[in-house]
Every structure is written in C-alpha cells, then in structure tokens.
Amino acid sequence: MEKNEKKTKFLRYFKTLLLALLNLLLISSLAVLAYSPSTNETQLVMTKDLVSAYVSNEINSIISQTSDAEVVRMLPYDFSTPKSPPDPSHFFKDNNKTCYKDSTIEVVCWKEVSETLRAELCFADIKIKHPSQFRRQWSLGDYNVTFNQYPTNIFATTNGVIGMSSDFYKYRKFGIIVQYGNVICNKPSNNSFQKYLDVLVIDYNGDFKIWKDYELSDYIEKHGADDIMLSFTFGPALVENNQPYDPGIETYYPLGEPHMSAGRVAIGQLGKLHYLYCTFGLPGTFREDMAKIMADKGCITAYNLDGGQTGTIVFKNEVYNTIAYIGEQRPMSDIMYFCSAE
C-alpha cells in the first residue's frame, strides 16, 4: 500500500513538472512574437508582462491541482487594468464597518471620531495575496495628460475594489515617479531651504521603503529602476521601524505643510501585503499627530500623502470619507487602488 502511494505521488509531481516545462516553452514562443519588429516598446513590455502573468497563473493552477499548495494569482506588471470588476456579492457590512472579501483581497473600511483631536478619521485596512494587486491609475489613463478628473471617475476605469487619492503628481514639476520599472519622472526637488523630499518606494514584494529623493535619483541613474514597482513623491515620512518618525533638526519640508494644522492623508504597511490607509478631516492636525495615529495602529512604515481636499477614499464606487474643506471631490491627476486577482 505504501509503495503504491509513493508511486502515485511521484507520478503526480512528474505530471506537474512536465506541464510546467510545456508552459515555459509556450512563454518562449510568445516572447519571440513579442519581439517582432512591428511591436513598439510600450506594447512589448505589456505583451511580455501579460504572458508572464498568464504562465505564472497556469503553473500555480497546475500545482494546486496536484498538491495542497495555495494558488496565488498575479496580474501583469503593466499599465493595463483588470478585465473583471469585483463581484458585488462580496461586499458586506460587519457592524459599523463596510467590507469586501474574496480569495485574493480583503478590505475593511470604518470611521472613528477622535475626541482629543476633534475630527473624523476614516480607515481602510487592505490585505492582498499578490503585490501586483497594488496599482496606480492616471487621469484618462495617461501620465502625460494635463486634464484632471474626479477620483470617482478615475476609479471607475480600474475595475478596482477600493481606490484612494495619492500624491497628485501633476500639481508640481518635481518628484520621482516610477511604475513597474518605468521611470516616468526623475526630478529631485533641489529646494533652496531643504534639498530633499521623502519618496515612498514599493518593491516587487509589496514592501515599503522611504528614500530621500536625491539618494533615489542617484540610485536610479546608476542602477536603473527595475526593482521598483511603484513610487510616490509627497511626504514627509511618518513612521519608520514601527516608531513615529522624528525629523530631528529638520525645520522645513516643502510639501504638505507638516508644521501646520491641515486635513491629512497617510498610507502605511502593517505587515506582509497588509496596508492601512487613513484620511483625517477637519479641523485638521499636525504631521506628528498623524504619525502617532499610524504608529498606534501598528504600521511598520507610514507615509504622508497629499491631504486637504485631495484626500479621498472610493469604495463601492462611492466616496467613503468626508472630504475636507468644501466637502466635494477635487479633480486630480492620479489615484492608487487595490483590485481582485480572481
């Protein structure tokens, strides 16, 4: 009996290996097509990524059928959006929280009132199965356009589960913006008062790291950006190594009015592929208060994004939070969003 079980197990893994090799042959042949002279550079990158995602998903599916391994599906690392919208049946209420859950993503949104700071805080707790589910979308789908859209309109093109305002990159002429290894903008601030900005860098494991912009710019010039999945320029840093970030002798930061009371927005990493987004409404607060909020919620790393009227959470295709100042959406250049991989 034991001998037969070993034989069956061997045949099962042999089948898995054989099918995986066949898929590798498939990706090789498709990659040749992708390199055809008629394909331009943008199409080439997208084609390779789509093939890579397809083959990875197929191999994972095969392995799941022959073992107890969990299937982890990925999306292509390109400028495309998921083909299928989230399943409406997966949205639900849990007490005062609004939630979404499927096999690849969990989202929990809720609101709190800070008695000490006299303001409403809105949170979105997001867990994903694969880093490719953390994405960014531009107004009209193009980084180069000058026309801004409401975040709900940008989000409507994504088939995402939840979307949030990010750094409003078109509001300034400097910053370091990378998406899937493509360097879209590499212009350190060179501010006369303080010669750097904090840049949030997200790698292909979905992990956060905060760089000084001049250091990141030098790194990209020397090594390229192939290891950078996404980057956002605003800041400053709020939490590093589980502790509220202490700017020390720094007395000036050129973005976000950190030393003034304002409506604020932050994103933090709680753990592996686990994130927290927060908006802080009126009457506003200071950078150090926002840092303490994110640290108290358990963030390993947290980063300040464009706040004020920009700060918006879109969930179930509607604005979830109370937008600061005039209470209406602000046209903007970009959002970040999370999507399902089902």
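Nothing here was measured: the structure is a model prediction, and the numbers come from that model.

Summed over all chains, the structure comprises 17 aromatic pairs. When the centroid spacing of 6.0 Å and the interplanar angle of 50 degrees are considered together, the rings of Y77 and Y180 count as tilted. Highlighted residues: Y77 in the loop between helix 2 (41-66) and strand 1 (91-94) and Y180 in the loop between strand 7 (175-179) and strand 8 (182-187), separated in sequence by 103 residues. Judged by relative accessible area, Y77 falls into the buried class, the value being 14%. Aromatic rings pair up to connect Y77, F79, Y180 and Y204 into one cluster. If you follow K170 out to its NZ or CZ, it ends over the ring of Y143, 4.7 Å from the centre. Sitting above the plane of the F123 ring, K297 keeps its charged end 4.8 Å from the centroid.

Time to look at the sheet that holds strand 3 (residues 105-114). Pairing is antiparallel in the open sheet, where nine strands are placed in the order 1-2-3-4-15-14-16-12-13. Lying at the two open borders of the sheet, with one neighbouring strand each, are strand 1 and strand 13 (243-244). Where strand 2 (residues 97-101) meets strand 3, four bridges bridge the pair, whose relative direction is antiparallel. Note that in strand 3 the partner of Y100 across the bridge is V107.

This part covers a nonpolar patch on the surface. A contiguous nonpolar patch, built from L282, Y325 and I326 and spanning about 320 Å² of accessible area, is present on the exposed surface. Structurally, L282 is set in strand 15 (residues 274-285). Exposure remark for L282: the relative accessible area of 43% places this residue in the partly exposed category.

Model confidence for the protein is summarised by a mean pLDDT of 82, while 77% of its residues fall at 70 or above. Counting interchain partners and residues more than four positions distant, the pLDDT-below-50 stretch residues 26-48 has 16 contacts. In the model, residues 61-66 has pLDDT below 50 throughout and makes nine contacts with residues more than four positions away in sequence or in other chains.

A few words on the state of the cysteines. By the definition in use, this model includes zero disulfides. No disulfide involves C278; its nearest neighbouring cysteine sulfur is the one of C122, lying 7.9 Å away.

Glancing now at unusual backbone geometry. The omega angle of the peptide bond from G235 to P236 is 5 degrees, so this bond is cis rather than trans. Cis rather than trans, the peptide bond between L282 and P283 has omega equal to 10 degrees. Its identity as a non-glycine residue notwithstanding, F168 has a phi of 45 degrees, on the positive side. As for its placement among the helices and strands, F168 is situated in the loop between strand 6 (162-165) and strand 7.

What counts, and where the lines are drawn
- Residues numbered from 1 in each chain as written.
- Predicted model: local features only at pLDDT ≥ 70, side-chain atom pairs only at ≥ 80, totals over all residues.
- Heavy atoms only, no water.
- Phe/Tyr/Trp six-rings, centres within 6.5 Å; stacked < 30°, edge-to-face > 60°.
- Helix = DSSP H or I, 4+ residues; strand = E, 2+ residues; numbered from the N terminus.
- Buried < 20%, exposed > 50% of the residue type's maximum accessible area, 1.4 Å probe, protein only.
- Lys NZ or Arg CZ within 6 Å of the ring centre and 35° of its normal.
- Pairing = 2+ DSSP bridges.
- Patch = residues over 30% accessible without salt bridge, like charges linked within 9 Å, V, L, I, M, F, W, Y side chains within 5 Å.
- Areas by Shrake-Rupley, 256 points an atom, 1.4 Å probe, with all protein chains shown as cover.
- Salt bridge = Lys/Arg side-chain N within 4 Å of Asp/Glu carboxyl O.
- pLDDT = per-residue confidence, 0-100.
- Contact = heavy atoms within 4.5 Å.
- Disulfide = S-S within 2.5 Å.

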